[in-house]
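Examination of the molecular architecture
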Amino acid sequence: MRFRHPDGSTVHLAYCTNVHPAETLDGVLAQLRDHCEPVRRRLGRDRLGIGLWLARDAAHALVTDPSALRGLRTELEHRGLEVVTLNGFPYEGFGAEEVKYRVYQPDWADPERLAHTTDLARVLAQLLPDDVTEGSISTLPLAWRTAYDQERATAAHTALTTLAERLDALHELTGRSLRIGLEPEPGCTVETTRDALVPLTAIGHDRIGICVDTCHLATSFEDPHTALDALAQARVPIVKSQLSAALHAEHPHLPEVHAALAAFDEPRFLHQTRTLTAAGLRGTDDLGEALAGDALPDASPWRAHFHVPLHAAPAAPLTSTLPVLRAALTRLVGGPHPLTHHLEVETYTWQALPPELRPRARAQLVDGIAAELTLARDLLTDLGLKELP
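Report on the accompanying structure. (Residues numbered from 1 in each chain as written. Predicted model: local features only at pLDDT ≥ 70, side-chain atom pairs only at ≥ 80, totals over all residues. Heavy atoms only, no water.)

1. A short note on the sheet that holds strand S13 (residues 318-320)
Rules: If DSSP finds at least two bridges between two strands, the strands pair. Secondary structure is summarised from DSSP: a helix means a run of H or I of at least four residues, a strand means a run of E of at least two, and numbering begins at the N terminus for each. Axis geometry follows a simple rule: fit a line to the C-alpha atoms, using only the stretch in contact for helices, then measure angles between N-to-C directions, giving values from 0 to 180 degrees.
Spatial strand order, S11-S10-S12-S9-S13: five strands in an open sheet with antiparallel pairing. Two strands bound the open sheet, and with one partner strand each, they are strand S11 (280-284) and S13. For this sheet, the mean inter-axis angle between neighbouring strands, taken without regard to orientation, is 30°. Strand direction decides the pairing type here: strand S10 (residues 273-277) and strand S12 (residues 302-308), joined by three bridges, are antiparallel. In the strand pairing of S12, Thr273 is matched with Ala304.

The following block contains the structure:
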C-alpha cells in the first residue's frame, strides 16, 4: 500500500510475511498464493506491499538462479504484490516448534550473517518495482548479549562496514539504493535506540541505520518522541519501522493479572519482559521467568515482548501498547517530512496466541492481517497522508 505524504514523497506500508512459515522458495510462492493475494483481495486493493521474509535456503536459491528470481518477480506482479523491504532478522527455522534464542544465530560476528544479508540485498535489488529505487532490510541488533565480547564486536562492525561497501557497489551496478536497519530488541547487545547510537556512529555509513520496532520500543519503556528525536539529532537514518504492539499489564501484582499473563507464556518464541523501576529498567529473558517467584518487581507495570494483533487488544486485565505505536507513528510520518518511508506491520505471533484467540482457519488469519492493515491505513490517513491506488 502506498501513501502520499504532504511533502510529496511516497510512504510504503506492508505486512511482514514471517507470520507464514516457509524455508524454501516453493514455500514462499505458496505464501503468495495462499495468504498474501487473499489479504490484498480482502482489502479491495489492486496492489499490496509485503515485507518478504526469505530464509537462508530460499535466499540462496534466488541469488544463484537468475531464472528463479525472475520467476518470483513475475509471480509478485501476477498476484498484485510488491516488495520494497525484507525482514532479514530470522536466518532460518522461524516456523519451528521452538525458536527462542535460536533466532539470534548466526549473529553479526559470524560470516554466515554477512553472506546471507548480502544475498538478501542482491535479491531485493531485483525485486523492487520499476518505479522504486530505494529498498530496506531489517536485521538483528548485532547479537544476543551473553556471548558478545570486544573481539566479536570488532568482527561485527567489520562485517557491517563490508556490507555497506557491497551496497555501494550494488547501487553503482543496478541504480537501486539499499539500506540495512539494526532492529533494537530487549536482551540483545543493542536493546534500545540509545544503545544503537554508539555502534552506528562508529560504523558511520549512511547505508547502515536503524529499524524501529514499536513493540520493542514499548517493551523497553522508551518514550517514542525522545527516542526518535535522539536518532534524528545523531543523524542515524531510520531505515524502516515495524508497526507492532507489546503486551501490557498495568497491575502485575494482582493474581488475576498473573493468570492472564500466564496464558501468553508459550514455548515457541522468547517473550522478554520488562518493568521500569526507580532504579531503572529491570527485566527477564522470558515471560515464564517473570511469572515465577520474585524474579521481577511487580509494583509497576510490566510489558512483554509479545506481538499482539494491532486491532484487537487482549481482554482486561491486560491491554496492548498501541498508544506507543500511535505516538511513534505521529513522530515518524506526521511531521513536515517523514523520518522513514518504509512501514511494516509485523505481528508474527498469531499461532502463539492463547488457543481461544488463534485463527482456526486460513481465512481467519487473512481477516486478521487485513484488519491490522486497515487500522494502520487509518492511522496514516488521520495524519494527513493520502492513500494511493
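Next comes the rest of the write-up.
2. Quick notes on the environment of Gly135
Using the following cut-off: Note on classification: 1.4 Å probe, protein chains only; a residue is buried when its accessible area is under 20% of the maximum for its type, exposed when over 50%, partly exposed between these limits. We call two residues in contact whenever any of their non-hydrogen atoms come within 4.5 Å of each other.
Mapped onto the elements of the fold, Gly135 is located in strand S5 (residues 134-139). On the basis of relative accessibility, which here comes to 5%, the residue Gly135 falls in the buried class. Separated by ten residues in the primary sequence, Gly135 and Ala125 have C-alpha atoms spaced 7.4 Å apart. With residues near it in sequence (within four places) discarded, Gly135 still touches Val84, Leu124, Leu128, Ser177, Leu178, Arg179 and His342.

3. A word on the packing of aromatic side chains
Note the cut-off: Between the rings of Phe, Tyr and Trp (Trp by its six-membered ring), a pair exists once the centres lie within 6.5 Å; its type follows the angle of the planes, with under 30 degrees stacked, over 60 edge-to-face, and the other angles tilted. Both a distance and an angle decide whether a charge sits over a ring: NZ of Lys or CZ of Arg must be within 6 Å of the ring centre and within 35 degrees of the ring normal.
Per the counting criterion, the structure on display carries eight aromatic pairs. A network of ring pairs unites the aromatic residues Trp53, Phe94, Phe269 and Tyr348 as a single cluster. For Arg303, the ring lying beneath its charged end belongs to Phe221, and the centroid distance is 4.4 Å.

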